Amino acid sequence: MPSSFAELVHLWQRGEAEAFHVRYFPPGHRATDFNRWFRESCSYTIDYELFFEPYVVCRRADVPAYDERFRGYGMNKCQHLYHLHALGFRFRVWPRGF
């Protein structure tokens with residue numbers, strides 16, 4: 001596990017680190033554009049992609065309730081984020097958020 005952003009970049013460049021499930025489910029994080037994430041110093045807006053499932057930070061008051069009928073594994077996060085997208089939420093990437 002890298003202990004700094006610089007170490008993460010080094011491991012990524014050597015092919016020794018990768019984003020969660022990117023190899024098995026590219027749509028989950030592809031929109032983040034990790035190569036750009038490593039270079040940027042300011043946040044940037046991305047276009048939503050179907051099945052996008054980033055980790056998000058937002059005000060609870062602005063977000064619809066999570067559908068508690070979802071249990072275990074099975075596109076629950078994808079569905080919730082699709083709902084946010086349909087409501088007009090924009091997604092921004094926080095660079096160097098490590």
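The structure this text deals with has already been given above.
In this report, we go over the structure that sits alongside the text. Since we're looking at a predicted model, the values are computed, not measured.

### A look at the overall build of the protein chain
From N to C terminus, the protein chain includes 3 helices and 2 strands. Each of the three principal axes of the protein chain carries a C-alpha extent, and together these read 40 × 30 × 20 Å. A buried classification covers 29% of the 98 residues belonging to the protein chain. Partitioning the intrachain contacts of the protein chain with sequence separation of at least 6 by distance along the chain shows that 59% fall at a separation of at least 24. Here the protein chain carries 13 positive and 11 negative side-chain charges, and the mean point of each set is 3 Å from the other.

### Comments concerning the packing of aromatic side chains
All told, the structure shown has 11 aromatic pairs when counted by the stated rule. Centroid distance Phe34 to Trp37: 6.1 Å. Interplanar angle 85°. Geometry classified as edge-to-face. Note that Phe34 and Trp37 are positioned in helix α2 (residues 34-39) at a spacing of 3 residues, about one turn of the helix. In this structure Trp37 comes out as buried when scored by relative accessible area, which is 9%. In this structure an aromatic cluster arises from ring pairing among Phe5, Trp12, Phe34, Trp37 and Phe38. Sitting over the face of the ring of Tyr44, Arg36 holds its NZ or CZ atom 3.9 Å from the ring centroid.

### Concerning the environment of Leu50
Secondary-structure assignment places Leu50 in the loop between β1 (44-46) and α3 (76-86). As a C-alpha pair, Leu50 and Arg39 span 11 residues in sequence and 25 Å in three-dimensional space. Those residues in contact with Leu50, other than ones at most four positions away along the chain, are Pro27 and Tyr82.

### Considering the layout of surface pockets
Here the largest pocket is characterised by a volume of approximately 870 Å³. Considering the residues around the largest pocket, the lining is formed by 27 residues, among which Pro54, Tyr55, Val56, Val93 and Trp94 are closest to the centre. Contributions of two or more residues to the lining of the largest pocket are made by α1 (5-13), α2 and β2 (91-93). When the residues that make up the lining of the largest pocket are grouped by side-chain class, the tally is 21 nonpolar, 3 polar and 3 charged.

### Quick look at α3
Taken as a whole, α3 has its buried residues at Cys78, His80, Leu81 and Leu84. One side of α3 carries all its buried residues, which in axial view fall inside an arc of 165°. Among the structural elements, β2 are those in contact with the buried residues of α3. With its phi angle positive at about 100°, Gly88 sits one or two positions after the end of α3.

How each quantity is defined
- Residues numbered from 1 in each chain as written.
- Predicted model: local features only at pLDDT ≥ 70, side-chain atom pairs only at ≥ 80, totals over all residues.
- Heavy atoms only, no water.
- Helix = DSSP H or I, 4+ residues; strand = E, 2+ residues; numbered from the N terminus.
- Buried < 20%, exposed > 50% of the residue type's maximum accessible area, 1.4 Å probe, protein only.
- Contact = heavy atoms within 4.5 Å.
- Lys, Arg positive; Asp, Glu negative; His and termini not counted.
- Charge placed at Lys NZ, Arg CZ, Asp CG, Glu CD.
- Phe/Tyr/Trp six-rings, centres within 6.5 Å; stacked < 30°, edge-to-face > 60°.
- Lys NZ or Arg CZ within 6 Å of the ring centre and 35° of its normal.
- 1 Å grid on protein atoms, 1.4 Å probe; cavity = no way out; pocket = protein on both sides within 12 Å on 5 of 7 lines; lining within 4 Å.
- Points joined across faces, edges and corners; volume = space filled by probe spheres on them.
- Nonpolar A, V, L, I, M, F, W, Y, C, P; charged D, E, K, R; others polar.
- Arc of directions from axis to C-beta.

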